[in-house]
Amino acid sequence: MLGAIIGDIAGSRYEFDPTNNYDFEMFAEGSDFTDDTVCTIAVADATLKSRDYGESIHEWCRKYPNPKGGYGCSFCRWVMSGDPKPYGSYGNGSAMRVSPIGWWCDDIHELTAEARKSAECTHNHPEGIKGACTVALAIMLANEMKKTGGKVDVKALLDKCVAFSGYNINISESEVKNRFDETCQGTVPVALWIIGRSNSFEDAIRKAVSLGADADTLGAIVGSIAEAIWDIPEWMKQKAKSYLPLEMRNVLFDFRNEIKNRRQVKARN
């Protein structure tokens, strides 16, 4: 899930000041984590502690009420509510926070059930749920391919995601360049299209942010999938972590270790 956080931080500088410069400064002055990182950490923390996703997201967002860029209006009302309820959203927030589930699950039925639960506490519209499930599936598939063959067949991965979701990822750049779209159906297919055109983690992040769209959230979704396909350069890992408070870094550390432990147990069995 660190890939999602890197994409979020890299894109944060350009969310309201978009760029089409592929060679943008990755961690520019003014970059910081946004609500995308807060919510991703919350989902990871809920997964580790077997907590309700909505309760964890609500708690973490209240703990960080003013991330860079703030929260969207409807989600902000949900965060501020003493009795938060789903509000039918199909925004891309469900897809940007789901990456921990893609790493945690290795069975498609468990994966879709957990991704659905992580989404529907706020984004209970079918498109919001589908976006979260599709991103989690892409991550799980990439991890499965690495286990069996050591390398990810990106085309095969994307074909399976399209078959699952029904998304059209035959996209031309002119359709989506400089087009700000905060919906799942307007963001997740674009993220998959970017993955299909990329050849490394950094290349994917640069393509996502320089599209001139919803830079931080598109960066987070692309980064979450790209991490599972390609290695993240070590300097990027360390730089991104330097933006995070200790308690967020602790969740990252605990989550990574628990994933390793689960894999070792499964290998022995």
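Scroll up a little and you will see the structure.
Since the structure is predicted, the reported quantities are computational estimates derived from the model, not experimental observations. (Residues numbered from 1 in each chain as written. Predicted model: local features only at pLDDT ≥ 70, side-chain atom pairs only at ≥ 80, totals over all residues. Heavy atoms only, no water.)

*Asks:* Help me understand the overall build of the protein in this model?
*Replies:* Counting its regular elements, the protein contains 15 helices and 0 strands. What you see for the protein is a C-alpha radius of gyration of 17 Å, in line with the 18 Å of a compact globule of 269 residues. Reported as C-alpha extents along the three principal axes, the dimensions of the protein are approximately 50 × 45 × 35 Å. For the protein, with 269 residues in total, the buried portion stands at 56%. Looking at the protein alone, contacts between residues at least 24 apart form 72% of all its contacts between residues at least 6 apart. When the accessible surface of the protein is split by element, carbon and sulfur atoms take 47% of a total near 11500 Å². Each charge class in the protein was averaged separately, 32 positive and 37 negative side chains, and the resulting centres sit 4 Å apart. (Helix = DSSP H or I, 4+ residues; strand = E, 2+ residues; numbered from the N terminus. Rg over C-alpha atoms; globule rule 2.2 N^0.38 Å. Buried < 20%, exposed > 50% of the residue type's maximum accessible area, 1.4 Å probe, protein only. Contact = heavy atoms within 4.5 Å. Areas by Shrake-Rupley, 256 points an atom, 1.4 Å probe, with all protein chains shown as cover. Lys, Arg positive; Asp, Glu negative; His and termini not counted. Charge placed at Lys NZ, Arg CZ, Asp CG, Glu CD.)

*Asks:* Looking at this structure, I do not really get the environment of Glu55. What am I missing?
*Replies:* For Glu55, the location among the structural elements is in helix α3 (residues 53-63). Accessibility expressed as a relative area gives 48% for Glu55, which makes it partly exposed. Taking the C-alpha atoms as reference points, Glu55 and Cys121, separated by 66 residues in sequence, lie 8.7 Å from one another.

*Asks:* Any chance you could explain helix α7 (residues 108-120) here in plain terms?
*Replies:* Helix length check: α7, at 13 residues, gives a terminal C-alpha distance of 18 Å against a target of 18 Å (1.5 Å per residue), a fit within 8%. Those residues of α7 lying buried are Leu111, Glu114, Ala115, Ser118 and Ala119. Along the axis of α7, the buried positions cluster into a sector of 135°, meaning they face one direction only. The backbone nitrogen of His109 has a side-chain oxygen 3.0 Å away, supplied by the residue at the start of α7, namely Asp107. (Expected span 1.5 Å × (residues − 1). Arc of directions from axis to C-beta. Polar contact = N/O pair within 3.5 Å; in protein donor to acceptor, adjacent residues only side chain to side chain.)

*Asks:* Before we go on, may I ask you to explain α3 in this structure?
*Replies:* Owing to its 3.6 residues per turn, the α-helix aligns residues three or four sequence positions apart on the same side. Of the positions making up α3, those classed as buried are Tyr53, Gly54, Ser56, Ile57, His58, Trp60 and Cys61. Buried-residue contacts for α3 involve α2 (35-49), α4 (73-80), α6 (99-104), α7 and α15 (246-268). Of the residues flanking the start of α3, the one acting as N-cap is Asp52, its side-chain oxygen 3.0 Å from the backbone nitrogen of Gly54.

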